[in-house]
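Observations on the three-dimensional arrangement
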Amino acid sequence: TPPGLDPGFADETLDAAISPGETEVVFVATRDETSATAAETAGERQLWRRALDADSAQPVPGTIGAQQPTWKRTGQVIAFFADGQLKQVTLDDGIVHDLAEASSAHGATWLDDGSLLYATGAGPVRRLLAGQSSEATTLRDDDVAHVFPSAADGTAEFVYIAVRGDGRRVARLVTTAGEQELTTTAGHAVMVGSHLLHVRDGVLLAYERDRESGE
């Protein structure tokens, strides 16, 4: 993290995303009180971008207030939440666009078809494609909300977390054949290759998926 900045913000000390080509990282950092100048505001956060073989990170203009960045599969666009909106910044020209209203940030992820999944903490996960927003999941009985969608590598599948009325959080996998309930979790869950990763009771757990049976 550059001098005068704290990683993440508040209790979220890690808020970052690795590029699709795995050559750089974008992360949220917050200006600390000791380094803020007259032109800067202590506690202000934004996105910073750093190539893994570089010596330093650079701020991404137009991303003040950003959180939960996610890279598009092309590697040239980053979506993020800020100011009650889901936004995107194009890295080639630095242009920032508002994509959709998002009263709160509960995860976003790009799929291979160019659609963007996002969650606001109320209702189902939504899908944004060609400027149109639609429901990507459907609440089941006793589901309160669907949050933190995460694309599975190289497929149209994704994992999301169902928040249940009794407080449980359940990871579900969405495939072309339907949905599969996976496991309870303390927070997020992601598919990395053939493995499901998630945290429960302070322990990082990994499950290997059988590609033939899907179990």
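What counts and what doesn't
Numbers given for residues are sequential positions, taken from 1 along each chain in its written order. Owing to the predicted nature of the model, reporting of local features is limited to residues with pLDDT of at least 70; listing and counting of side-chain atom pairs is limited to 80 or more, with chain, interface and lining totals taken over all residues. Water and hydrogen atoms play no part in the side-chain values, which are based on all heavy atoms of the structure. Where helices and strands are cited, they refer to DSSP runs of H or I of at least four residues and of E of at least two residues respectively, numbered from the N terminus. Radius of gyration: over C-alpha atoms. The globule rule applied is 2.2 Å multiplied by the number of residues raised to the 0.38 power. Exposure is judged per residue with a 1.4 Å probe applied to protein chains only, and the accessible area is read against the type maximum: over 50% gives exposed, under 20% gives buried, and values in between give partly exposed. Two strands are said to pair when DSSP picks up at least two bridges between them. What pLDDT expresses is the predictor's confidence in each residue, scored from 0 to 100. Throughout, nonpolar core names a set of buried Ala, Val, Leu, Ile, Met, Phe, Trp, Tyr and Cys residues whose side chains join them through atoms within 4.5 Å. Note on definitions: a residue-residue contact is assigned when non-hydrogen atoms from the two residues lie within 4.5 Å. For this document, the term salt bridge refers to a Lys or Arg side-chain nitrogen within 4 Å of an Asp or Glu carboxyl oxygen. Every patch collects residues that have over 30% relative accessible area and no salt bridge, joining them within 9 Å if they carry like charges and within 5 Å if they are nonpolar side chains (Val, Leu, Ile, Met, Phe, Trp, Tyr). Per-residue accessibility takes into account occlusion by the displayed protein chains alone, with areas from the Shrake-Rupley method and a 1.4 Å probe. In this tally Asp and Glu are treated as negative and Lys and Arg as positive; neither His nor the chain ends contributes. By convention, the charge on Lys lies at NZ, on Arg at CZ, on Asp at CG and on Glu at CD. The definition of a polar contact used here is a pair of N or O atoms within 3.5 Å, where within protein one atom must be able to donate a hydrogen and the other to accept one, and adjacent residues in sequence count solely through side-chain atom pairs. Lines are fitted to the C-alpha atoms to define the axes, a helix being fitted only along its stretch in contact, and any angle between axes, read from their N-to-C directions, falls within 0 to 180 degrees.

Looking only at helices and strands, the protein has zero helices and 20 strands in total. The C-alpha radius of gyration computed for the protein amounts to 18 Å, which stays within 12% of the reference 17 Å derived for 215 residues, consistent with globular compactness. Its C-alpha atoms give the protein principal-axis dimensions of about 55 × 40 × 35 Å. The 215 residues of the protein split such that 44% are buried.

Let us now look at the pairing of strand β18 (residues 189–192). Within a regular strand, side chains alternate between the sheet's two faces. Of the two faces of β18, the one lined by Ala189 and Met191 is fully buried and the one lined by Val190 and Val192 carries no buried residue. Summarising the sheet, β18 and strand β19 (residues 195–200) pair through four bridges and their orientation is antiparallel. Looking at the pairing, Val190 lines up with Leu197 of β19. From the end of β18 to the start of β19, which pair antiparallel, there are two residues, and Gly193 there has a positive phi angle of about 65°.

Time to look at the confidence of the model for the protein. For the protein, mean pLDDT is 90; residues scoring 70 or higher make up 95% of the total. When pLDDT is averaged over each element of the protein, strand β11 (residues 116–118) comes out on top at 97 and strand β1 (residues 5–7) at the bottom at 88.

This part covers the pairing of strand β13 (residues 132–135). With four bridges joining them, strand β12 (residues 126–129) and β13 adopt antiparallel strand pairing. When the sheet's bridge partners are listed, Arg127 is paired in β13 with Ser134.

The biggest cluster of nonpolar side chains holds 13 residues, and the ones touching the most others in it are Val26, Leu47, Trp71, Ile78, Phe80, Val89 and Leu91. Contributions of two or more residues to this core are made by β3 (24–31) and β7 (77–82). Looking at this core, the element that brings in the most residues is β7, giving three residues. In this structure, Val26 is in contact with Asp15, Ala16, Ala17, Leu47, Trp48, Arg49, Pro69, Trp71 and Ile78, ignoring residues within four places of it in sequence.

Another point: the pattern of salt bridges. Applying the stated criterion across every chain, the model contains eleven salt bridges. Across the pair Lys87 and Asp83 runs a salt bridge, and its minimum N-O distance is 3.2 Å. Using a relative accessible area of 12% as the deciding quantity, one classes Lys87 as buried. What you see here is one network of salt bridges that share partners, running through Arg140, Asp143, Arg164, Arg172, Glu179 and Glu181.

A few words now on a negative patch on the surface. Together, Glu208, Asp210, Glu212 and Glu215 make up a region of like negative charge exposed at the surface. Counting through the fold element by element, Asp210 comes out in the segment after β20 (203–208). Judged by relative accessible area, Asp210 falls into the partly exposed class, the value being 39%.

Relative to the helices and strands, Asp15 resides in the loop between β1 and β2 (16–18). In this structure the side chain of Asp15 is engaged in a polar contact, spanning 3.0 Å, whose partner is the backbone nitrogen of Gln68. The contacts of Asp15, once residues within four sequence positions are left out, are Phe9, Val26, Phe27, Val28, Gln67, Gln68 and Pro69.

We now examine the sheet that holds β7. Taken together, the four strands give an open sheet; going across it, the order is β6-β7-β8-β9, and neighbouring strands pair in antiparallel fashion. At either margin of the open sheet sits one strand with a lone partner, and together these are β6 (67–71) and β9 (96–101). Between one strand axis and the next, the sheet turns through 25° on average, direction left out of account.

If you trace the four strands from one edge of the open sheet to the other, you get β14-β15-β16-β17, paired in antiparallel fashion. Strand pairing shows two members of the sheet lacking a second neighbour, β14 (143–151) and β17 (178–184), which therefore form its edges. If you compare each strand with its neighbour and ignore which way they point, the axes differ by 30° on average. Taken together, the six bridges between strand β16 (residues 169–175) and β17 define a ladder with antiparallel strand orientation. Note on β17: the bridge partner recorded for Arg172 is Glu181.

This part is about the environment of Ala105. Positionally, Ala105 belongs in the loop between β9 and β10 (108–110). Once residues within four sequence positions are removed from consideration, Ala105 is found in contact with Gln67, Gln68, Phe81 and Ala119.

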